[in-house]
Amino acid sequence: MEYLRRIKLRNKIFLLCAMLVFLTTVLIQSSTWWISSKFNESQLQQDVLKAKAIMSQYLDAKAEMLVTAAKILTSDFGYIRAVATSDEKTIRSVLENHGERIGADIMLLTDMSGQYISSSSENFSFENQLSPYAAQQLINNPAIALFVTLEEQIYQLILLPVKAPHVIAYSIVGFKIDEEVLTELKTLTGLEISFFQGDNHLLSSTIRMKSFADFRQELNNQSYSKLLFSRPAFFTEDFELDSASKQPVSVILVSSLVPLYQQYDSILLNNTILAVVVSSLASLLSIFFAKSLTVPLQRLSGLAGEYARGRYTERINITGGQEIESLEKAFQQMGQQVKKREDEIRFQANHDSLTKLPNSQHVKTLLSTQLASEGEYIFLAISINNFRQINDRLGPETADACLVALAERLREMNSGIQFSARLEGAEFFSAISLDASHSPIQVADSYLTELEHTFKVADLNINLDLHAGVSLYRHSGTDPITILRRTAIALDAARKNKQRIHCYEEGEDEVHMQRLAMMEALRKVIMSDGAGQLFMVYQPKIYLQGEHQFKCEALIRWRREDDRFVSPEVFVNLAEEASLIVDLTHWVIRSVFHQLREWQQQEVYVGAAINVSAQDLAHPDFESFIRDSCEEYGVTPSTITLEITERDIMHDEASVVLSLRSLKKFGFTIAIDDYGIGQSSLSKLKGLPVDEIKLDKSFIMHLNQSPKDQLIVRSTIDMAHGLGFEVVAEGVENEETLALLKQFNCDQVQGYFISKPIPAEAVSDWQKNYVENDYFTLRSPHARGSQRR
């Protein structure tokens, strides 16, 4: 195939024509051969059938003559009287005279058992030549001509009874099949004829061989050689004659195939000559046709090369027929369309599809061009702080319209803006010239003030809450990527610190890089199944209103290779920023379920609470993953509490609530974590598919000292019980707080007064100690220190 791709088109056209002529010739020759073969085969079959019919008619005529002669003989009165009186002299005389009259070669008389009595020849030895079996066969088939061999001579015999009036003897009359008869048969049939009996070759119109098998082999070995291949020279057909001998006499008909071959070879030669002539004419025509086609195509190929180099204004004139001219016109139109689409694609690749501003990729090119020019610049990255509220409350169409309106205002502003771009989401970027009369902060403040003017969108007056991150450029060799990174760092700081404008400061870049490095390290640890650095600890939660039951909250810890601990608040936030939180939660679930299975094997029956995020619940595979994990580790869903914060529920309330309902239906306990510091209303709370609420530790840590906290906690517990929820208090630091919570009918408590987070291997001992002591007097060695997660 590779070789064919390298062949020029004109050569392919030539080869195509040659192949078509060749295939046509082969098809014609094949058809001629097949038709001729079928016709010749049919003709041969007909000739053989005719020859057999002619031979049968000839032999039947001989047989009728014998029957007639025998009937005349057996009805002769003198002959009958001579047979009856055993007058041998008269019998022989009659046989001789009658035989000479009809030209018979054998005239015999036998008794009733087939024994020889007399013949027309004194030299005939009947006993030595005609076998008793043959005589009996003749007696059994009177008036029917049968063939026998006597001294390797073939005879056609017929037997008739001599009656006076009863059968007193049998007369046998016969003709000899000799060379004269064979020549006559050959003349009549037009075929060569041979008689044989077994392997004895009796008579032949061609050559006679002692062994008939040798004769047949010789026929098969004969071939007709011409045109570089050999073919059988003869067609044969053999059949048996009605015989009186045990081994029948057979005939083989031989037809020469040479005349047929000569006729076919003549046709083949004529067709070949015709094919050569046609091939020559086709080759000349194909060369002319190929040239008229390939020359314009070569010019079109050159035009395509010009188009490939972006030279869409090139023009060529091609002559070569209407089709070629139409192709050339279409080709040039295509070039213009390609240029148009190329311009559109280039614009789409470099610009945001919604706002039509340059996108985050093209801004690097614009920055490179801007930095190459003289002057000082400030670079601003801005974000719309209230964009999510606009999207959730007014809908995505209105939110998109706000982005378009902001982009339009950026294009209309003339206060030194060199260019503006949309980075991603609700973030934009601008490069602004800086002159000596204004400070960077003044320029940025003026820029934001102009942007923050009320927008008229869909008959609504909308105010955008903007943050800005600012970085400076004074020809210090800073590259576009560094400028974009530092501007993004400044914007991130403005958002986190709730600043309107934040200017990048030296050192923030390094802190940012450290965070990125920590994100990468965390990613590798998670992908390596913890890599021995991630591990779980468990903080007990005890029940106040019943038996000595308890659960544990599963808390993840990260101890890096250098034995430095990373705060969970730090690396969990990093995981959320780096979109690793789902993988991290999966690792936690597998680790906790594995530990629960080990505890069950040790007959330690403990429930576990696991923290999940909105990102986990929004992931399409989370529900199936946690269900499959339950089956894999043999964990009952009712022993698992899934804790989610108010903030995460409000992140995407509809989808989160839908997922929580599905998990609750499957058997998991659902809890709201850090309750009381979020934004959920009582109306929303009663509609959430939760089983328990977990009061934030800020209400619990100083409960014994704050009447306000006591009032809030008591009323919240009563309200939760009224809604059918259990209440968990975290942050229990002293015995007075524990007593108050028991008084308020709180269901479960958790805190350092009960126990700090402990390793998995210490849970069994803690449980034993807890069961043996009352929780008011419990002083576990683990219940020391201050509250922290």
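A quick note: this is a predicted structure, and the numbers were derived from the prediction, not measured.

What counts as what
- Residues numbered from 1 in each chain as written.
- Predicted model: local features only at pLDDT ≥ 70, side-chain atom pairs only at ≥ 80, totals over all residues.
- Heavy atoms only, no water.
- Helix = DSSP H or I, 4+ residues; strand = E, 2+ residues; numbered from the N terminus.
- Buried < 20%, exposed > 50% of the residue type's maximum accessible area, 1.4 Å probe, protein only.
- Contact = heavy atoms within 4.5 Å.
- Areas by Shrake-Rupley, 256 points an atom, 1.4 Å probe, with all protein chains shown as cover.
- Phe/Tyr/Trp six-rings, centres within 6.5 Å; stacked < 30°, edge-to-face > 60°.
- Lys NZ or Arg CZ within 6 Å of the ring centre and 35° of its normal.
- Pairing = 2+ DSSP bridges.
- Axes fitted to C-alpha atoms, helices over the stretch in contact; angles between N-to-C directions.
- Salt bridge = Lys/Arg side-chain N within 4 Å of Asp/Glu carboxyl O.
- Parallel < 35°, antiparallel > 145°, perpendicular 65-115°, else oblique.
- Nonpolar A, V, L, I, M, F, W, Y, C, P; charged D, E, K, R; others polar.
- 1 Å grid on protein atoms, 1.4 Å probe; cavity = no way out; pocket = protein on both sides within 12 Å on 5 of 7 lines; lining within 4 Å.
- Points joined across faces, edges and corners; volume = space filled by probe spheres on them.
- Core = buried A, V, L, I, M, F, W, Y, C linked by side-chain atoms within 4.5 Å.

## A word on the overall build of the protein chain
Consideration 1: Assigned secondary structure in the protein chain consists of 26 helices and 28 strands.
Consideration 2: Residue burial in the protein chain is summarised as follows: out of 789 residues, 44% are buried.
Consideration 3: Within the protein chain, contacts between residues separated by at least 24 positions form 64% of all contacts whose residues are at least 6 apart in sequence.
Consideration 4: About 41600 Å² of surface is accessible on the protein chain, with carbon and sulfur atoms providing 52% of the total.

## Focus on the packing of aromatic side chains
The way to describe two aromatic rings as a pair is by their centre distance and the angle between their planes.
Consideration 1: A full pass over the atoms with the stated rule returns 13 aromatic pairs.
Consideration 2: A centroid spacing of 6.0 Å and a plane angle of 15° characterise the contact between Phe-379 and Phe-429, whose relative ring orientation is stacked. Residue Phe-379 is located in strand S12 (residues 376-384), and its partner Phe-429 is located in strand S14 (residues 427-434); the two are separated by 50 residues in the primary sequence. One exposure class covers both Phe-379 and Phe-429, and it is buried.
Consideration 3: Residues Phe-593 and Tyr-633 carry aromatic rings whose centres are separated by 6.5 Å and whose planes lie at 75° to one another, so their mutual orientation is edge-to-face. Placement of Phe-593 in helix H18 (residues 581-601) and of Tyr-633 in helix H20 (residues 622-633) is noted, with a sequence separation of 40 residues between them.
Consideration 4: Following the ring pairs from residue to residue traces out a cluster consisting of Tyr-377, Phe-379, Phe-419 and Phe-429.
Consideration 5: The positively charged end of Lys-246 is found above the aromatic ring belonging to Tyr-133, 5.5 Å away from the centroid.

## A look at the sheet that holds strand S6 (residues 192-197)
Consideration 1: Pairing within the open sheet is antiparallel, and its four strands lie in the order S7-S6-S11-S10. The sheet is open, and its two edges are formed by strand S7 (200-204) and strand S10 (234-240), each paired on a single side. This sheet shows a mean twist of 25° between the axes of neighbouring strands, independent of strand direction.
Consideration 2: With five bridges connecting them, S6 and strand S11 (residues 250-256) associate as antiparallel partners. The residue bridging Ile-193 from the neighbouring strand is Leu-253, located in S11.
Consideration 3: In this fold helix H7 (residues 179-189) packs onto S6 and S7, with an angle of close to 135° to the strand it touches most, S6.
Consideration 4: Where helix H8 (residues 212-221) meets the sheet, it contacts S6, S7, S10 and S11, and its direction lies at approximately 20° from that of S11.

## Notes on the pattern of salt bridges
Consideration 1: All chains considered together, the criterion is met by 22 salt bridges.
Consideration 2: A salt bridge links Glu-520 to Arg-523, with the nearest nitrogen and oxygen atoms 2.6 Å apart. Placement of the pair is Glu-520 and Arg-523 together in helix H16 (residues 508-527), with a separation of three residues, close to one helical turn.
Consideration 3: We classify Glu-520 as partly exposed; its relative accessible area is 33%.
Consideration 4: The partly exposed category is assigned to Arg-523, whose relative accessible area is 33%.
Consideration 5: Ionic pairing is found between Lys-694 and Glu-553, a salt bridge with its closest N-O pair at 2.7 Å. In this pair, Lys-694 sits in strand S25 (residues 692-695) while Glu-553 sits in strand S20 (residues 550-559), placing the two residues 141 residues apart along the sequence.
Consideration 6: On the basis of relative accessibility, which here comes to 0%, the residue Lys-694 falls in the buried class.

## What to know about the sheet that holds strand S3 (residues 146-150)
Within a sheet, neighbouring strands are paired by backbone hydrogen bonds and run either parallel or antiparallel to one another.
Consideration 1: With respect to topology, five strands assemble into an open sheet ordered S2-S1-S5-S4-S3, the strand pairing being antiparallel. A single partner strand is all that each edge strand has here, and the edge strands are strand S2 (116-119) and S3. Strand-to-strand, the axes of this sheet are offset by a mean angle of 35°, without reference to chain direction.
Consideration 2: In terms of strand pairing, strand S1 (residues 106-110) meets strand S5 (residues 167-177) through five bridges, oriented antiparallel. Bridging across to S5, Thr-110 finds its partner in Tyr-170.

## Focus on unusual backbone geometry
Consideration 1: For the bond running from Ala-164 to Pro-165, omega is -15°, close enough to zero to count as cis.
Consideration 2: Checked against the element boundaries, Pro-165 lands in the loop between strand S4 (153-163) and S5.
Consideration 3: Positive phi outside glycine occurs at Glu-151, with the angle close to 50°.
Consideration 4: With respect to the element layout, Glu-151 can be found in the loop between S3 and S4.
Consideration 5: Phi angles above zero are rare outside glycine, and Glu-603 is one such case at about 60°.
Consideration 6: Position of Glu-603 among the secondary structure elements: in the loop between H18 and strand S22 (607-611).
Consideration 7: Under the relative-accessibility criterion, Glu-603 is labelled exposed at 62%.

## Looking at the packing of helix H12 (residues 387-394) against helix H13 (residues 396-412)
Consideration 1: Across the interface, H12 lies against H13 with an axial gap of 6 Å and an inter-helix angle of 140°. Between H12 and H13, the angle is such that the two are oblique. Contacts between H12 and H13 involve Phe-387, Ile-390, Asn-391 and Leu-394 from the former and Pro-396, Thr-398, Ala-399, Cys-402 and Leu-403 from the latter.
Consideration 2: In terms of residue class, the contact of H12 with H13 is made up of seven nonpolar, two polar and no charged.

## Let's talk about the layout of surface pockets
To find the voids left in a structure, one rolls a probe of water-molecule size over its atoms.
Consideration 1: Considered as a void within the structure, the second largest pocket measures approximately 340 Å³ in volume.
Consideration 2: As for the second largest pocket, its lining consists of 15 residues, and the residues nearest its centre are Trp-33, Ser-36, Ser-37, Asn-40 and Tyr-261.
Consideration 3: Elements represented by at least two residues in the lining of the second largest pocket include exactly helix H2 (9-74), strand S9 (229-232) and helix H9 (258-308).
Consideration 4: Broken down by element, the residue count for the lining of the second largest pocket peaks at eight residues, all from H2.

## Focus: the environment of Leu-491
Consideration 1: Note that Leu-491 resides in helix H15 (residues 480-496).
Consideration 2: On the accessibility criterion, Leu-491 (1% relative accessible area) is buried.
Consideration 3: Separated by 21 residues in the primary sequence, Leu-491 and Val-470 place their C-alpha atoms 7.3 Å from one another.

## Examining the pairing of S7
Consideration 1: Among the five residues in S7, four count as buried, and that is most of the element.
Consideration 2: Bridge count for S6 against S7 is four bridges, and the pairing is antiparallel. By the bridge assignment for S7, Phe-196 is matched with His-201.
Consideration 3: Counting the residues that bridge the hairpin from S6 to S7 gives two residues, and of these Gly-198 lies at a positive phi of roughly 65°.

## Considering the nonpolar core
Consideration 1: Counting 85 residues, the largest nonpolar core has Val-592, Phe-593, Leu-741 and Val-749 as its most contacted members.
Consideration 2: Ranked by residue count, the leading element in this core is H18, at ten residues.
Consideration 3: Contacts of Val-592, omitting those with residues within four sequence positions, involve Met-536, Tyr-538, Ala-554, Ala-608 and Ile-610.
Consideration 4: Residues Leu-380, Ala-399, Leu-410 and Val-457 belong to the second largest nonpolar core, which totals 32 residues.

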